[in-house]
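# Observations on the model geometry
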Amino acid sequence: MAAPASQPEHIAFAYLAVQKALGKGEKTGWTIKAQDHPLSSALAALRVDEVGSRYDRTLSAVKLVTLNNGASLGTIGSLKLPEVQALAVPSSFGKGAETVYDESVRKGTEVSADKLGFALEERISGSFTAKDIFKNVAEAVATALFPGQPVKLVFYKLAIYEPGGHFEKHRDTTHADSHHGTLLIGCTPEGATTPWEDDDNDDDDDDADEGVSYAYEGGQFSIHHSDGTSSKWPVRPDSWLAFYTDLEHSVAPVTKGVRLTLQFDIYLEDDTVERAHTVASVPATKREAEGKKLKNAGDSDDDEDDTDDEDDSDAHDESKLFLPPNGGRSADEPTVPTRIVPDRLADFVPKLVAFVRSMRKAGDDTRTKSGQAKAKRPRKKSNEPRTAVFLLHHLYRQQSLLPEYLKGIDKALYEALKEADPQLNIALHPVYINMSGDEYGESGEPWSQTMILARADASHVVKTIPQSIVFIRRPGVEASLLKMQEGAEYTGNESMPTEYSYFAGAMFLWFS
Ligand SMILES: O=C(O)CCC(=O)C(=O)O
Ligand SMILES: [Fe+2]
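Residues numbered from 1 in each chain as written. Chains lettered and ligands numbered in written order. Predicted model: local features only at pLDDT ≥ 70, side-chain atom pairs only at ≥ 80, totals over all residues.

The protein goes by Fe2OG dioxygenase domain-containing protein in an unreviewed UniProt entry, where it is assigned to Exidia glandulosa HHB12029.

## Remarks on the sheet that holds strand E3 (residues 63-66)
Strand order in the open sheet formed by 4 strands is E5-E4-E3-E11, and the pairing between neighbours is antiparallel. The open sheet terminates on both sides in strands that have one partner only, identified here as strand E5 (78-79) and strand E11 (116-118). Where E3 lies against strand E4 (residues 72-75), 2 bridges are found, and the strand directions are antiparallel. Paired with Val 65 across the two strands is Ser 72, which belongs to E4. (Pairing = 2+ DSSP bridges. Helix = DSSP H or I, 4+ residues; strand = E, 2+ residues; numbered from the N terminus.)

## Let's talk about the environment of Gly 219
Inspection of the secondary structure assignment puts Gly 219 in the loop between strand E17 (216-218) and strand E18 (221-224). Residues Gly 219 and Arg 259, spaced 40 residues apart in sequence, show a C-alpha to C-alpha distance of 7.1 Å.

## As for the nonpolar core
Within the largest apolar cluster, 109 residues are counted, with the highest numbers of intra-cluster contacts made by Val 141, Leu 153, Ala 504 and Ala 506. In terms of residue count, the dominant contributor to this core is helix H4 (residues 130-145) (10 residues). Of the residues that make up this core, three or more belong to each of domain 1 (12-47 + 341-510) and domain 2 (51-58 + 128-328). Ignoring sequence-local partners within four residues, the contact set of Leu 153 consists of Phe 134, Val 137, Ala 138, Leu 183, Phe 264, Ile 266, Thr 278, Val 279 and Ala 280. (Core = buried A, V, L, I, M, F, W, Y, C linked by C-beta atoms within 7 Å. Buried ≥ 20, exposed ≤ 12 C-beta atoms within 10 Å, placed from the backbone. Domains from an automatic or database assignment. Contact = placed C-beta atoms within 7 Å.)

## Some words on the site of ligand 1
Surrounding ligand 1, one finds Ala 159, Phe 167, Asp 172, Leu 184, Phe 221, Val 235, His 249, Val 251, Thr 261, Gln 263 and Gly 492. Going through the elements one at a time, strand E21 (248-251) and strand E23 (259-267) are the ones with two or more residues in the shell around ligand 1. Its residues assigned to classes, the shell around ligand 1 comprises 6 nonpolar, 4 polar and 1 charged. (Near = placed C-beta within 6 Å. Nonpolar A, V, L, I, M, F, W, Y, C, P; charged D, E, K, R; others polar.)

## What to know about the confidence of the model for the protein
Put simply, the protein has an average pLDDT of 79, and 71% of its residues get 70 or more. Scored below 50 in pLDDT, residues 1-9 makes 16 contacts in the model with residues more than four places away or belonging to other chains. The low-confidence segment residues 198-212 (pLDDT under 50) makes 20 contacts with residues lying over four places distant or belonging to another chain. Reported for the predicted complex are a pTM of 0.82 and an ipTM of 0.99. (pLDDT = per-residue confidence, 0-100.)

## Description of the pairing of E4
As consecutive antiparallel partners, E3 and E4 are separated by 5 residues, and within that stretch Gly 70 has a phi angle of approximately 70°, a positive value. Two strands pair when backbone bridges link them, and E4 and E5 are joined in this way by 2 bridges, in the antiparallel orientation. Within E5, the position partnered with Thr 75 by the bridge is Ser 78. Hairpin connection, E4 to E5: the antiparallel pair is bridged by 2 residues.

## Observations concerning the domain arrangement of the protein
Size of an interface, as often reported, equals the accessible area lost when the parts are brought together. Each assigned domain of the protein is listed with its residue range as follows: domain 1 (12-47 + 341-510) and domain 2 (51-58 + 128-328). Each partner contributes to the interface: domain 1 provides 26 residues, whereas domain 2 provides 19 residues. Its residues assigned to classes, the side of domain 1 that touches domain 2 shows 11 nonpolar, 9 polar and 6 charged.

## Observations concerning the environment of Ala 427
Residue placement: Ala 427 occurs in strand E26 (residues 425-435). When the C-alpha positions of Ala 427 and Ala 276 are compared, they lie 34 Å apart, and in sequence the two are 151 residues distant. For Ala 427, the contacting residues outside a window of four places in its chain are Ile 465 and Phe 508.

## Topic: helix H9 (residues 408-420)
Taking 1.5 Å as the rise per residue, H9 with 13 residues should run 18 Å; its terminal C-alpha atoms sit 18 Å apart, in good agreement. Burial in H9 covers these residues: Gly 408, Ile 409, Asp 410, Lys 411, Ala 412, Leu 413, Glu 415, Ala 416 and Leu 417. (Expected span 1.5 Å × (residues − 1).)

## Examining unusual backbone geometry
Of note, the amide linkage connecting Gln 467 to Ser 468 takes the cis form, showing an omega dihedral of -15°. Even without being glycine, His 277 reaches a positive phi, approximately 70°. Here His 277 is to be found in the loop between E23 and strand E24 (278-282). For His 277, a count of 18 C-beta atoms within 10 Å puts it in the partly exposed group.

## Section: H4
End to end, H4 covers 22 Å across 16 residues, agreeing with the expected 22 Å (1.5 Å per residue, within 8%). Of all 16 residues in H4, 13 are buried; the element is thus mostly enclosed.

## Quick look at the pairing of strand E10 (residues 109-112)
Note that strand E6 (residues 89-90) and E10 share 2 bridges and pair antiparallel. Bridging from a neighbouring strand, Val 89 pairs with Glu 110 of E10. The sheet contact formed by E10 and strand E14 (residues 151-161) spans 4 bridges and is antiparallel. Within E14, the residue paired with Glu 110 across the bridge is Ala 159.

Next comes the structure, spelled out in structure tokens:
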């Protein structure tokens, strides 16, 4: 199916057009009932961390070089600014189906990965090379955000923000179906002082005081969570910061100096797929520790730390320290959700499975009755719901909506459901939530909605799902989704054509 070529509107409209074209007789969606399902609030309460960050002082020493002649550009902790600036071009971004340049949304320049790279094989300390350091980062990224999944770090660009430079709230453009995260490492220009070098108890605040000349001021990096909260994170040369690509984030205007950031794409794939500019690749690991964690529900929060310790190299002791959310800033800043809530998950999953099973029973009973009555009157199709559905927490490309690419709480939930009952059917499909009738109820909350399969083969797929459905609402996710569907959204460097756009995903559950 072709995207409406020059239309900046959300591509969901393309699907709505297709739905119409398919004819009114074809059912490709479901009405969502206004009232909350009893399991809704427990579902909404399930959260895991969406951002990972860790100190790794060895990063500062990694050397950068130009790719055309291997000339030195200094290190992450001491970058040759004029040489780097000479390679930079203005940064574009995506607006719906278009790639645009607009300084009101994004003002900055960048050096792409085909001009600049790392001296990966060069020794940094002892026998350690940059390659080893990036490998440690990849392992730690897997532990923090993609447990059990293979992780590949691919250098994408170096971004430069000078005074006035900024990037409004956006999600990152994905570059492949397997691309699910972004990793950032800040750079310091040669000779510059950074706020965190100045004070061990630094608060990542950019206020210049005591006459210190910092590399830059302003430029605060924020993550905007789907529940409306946001968290502030330091981007610096002695730590890395990673997050899921569909998480909205922004860079506040730089007020002074130059802010430099290395950006890497995180792919969930191993060495069998080759990619230019790969700096590290680690294979999938067993998820035993994670499984244990779910079973020991509610035991203690220490489980998580144990897992981290196992995964860390002894040579990088300081990398065991997680940066506190908000860079240790004031208590009134909202904090990001903590890693996993195994007790909540372990409590929720059996309830959900029991609910889906109870629907099957009810459906069976009705069918038996109508079967017995068959001789007397025409067989009535059961209207009893058989399938439970809920929206995934994260957004996915249509082709990415596969078990191996699920992220965060979506992945944890999927695996816990699989484990809870192997007989349970689980289907994942991209969907579009369509407002129908009055868009907003009295409370201002959208309530009159239809969920439509956002697939070219929707009318075929819908037949594979037992009718009818019970929609378990996730109000926060729905609200942020509807907001996103209202108009063109901004994405990283490029536009995302129809087939690569972010879509809501829904998980359908039923027993055969
Ligand atoms: O420079 C940063 O800290 C992040 C910039 C960003 O979000 C992007 O370029 O997509
Ligand atoms: Fe970004």
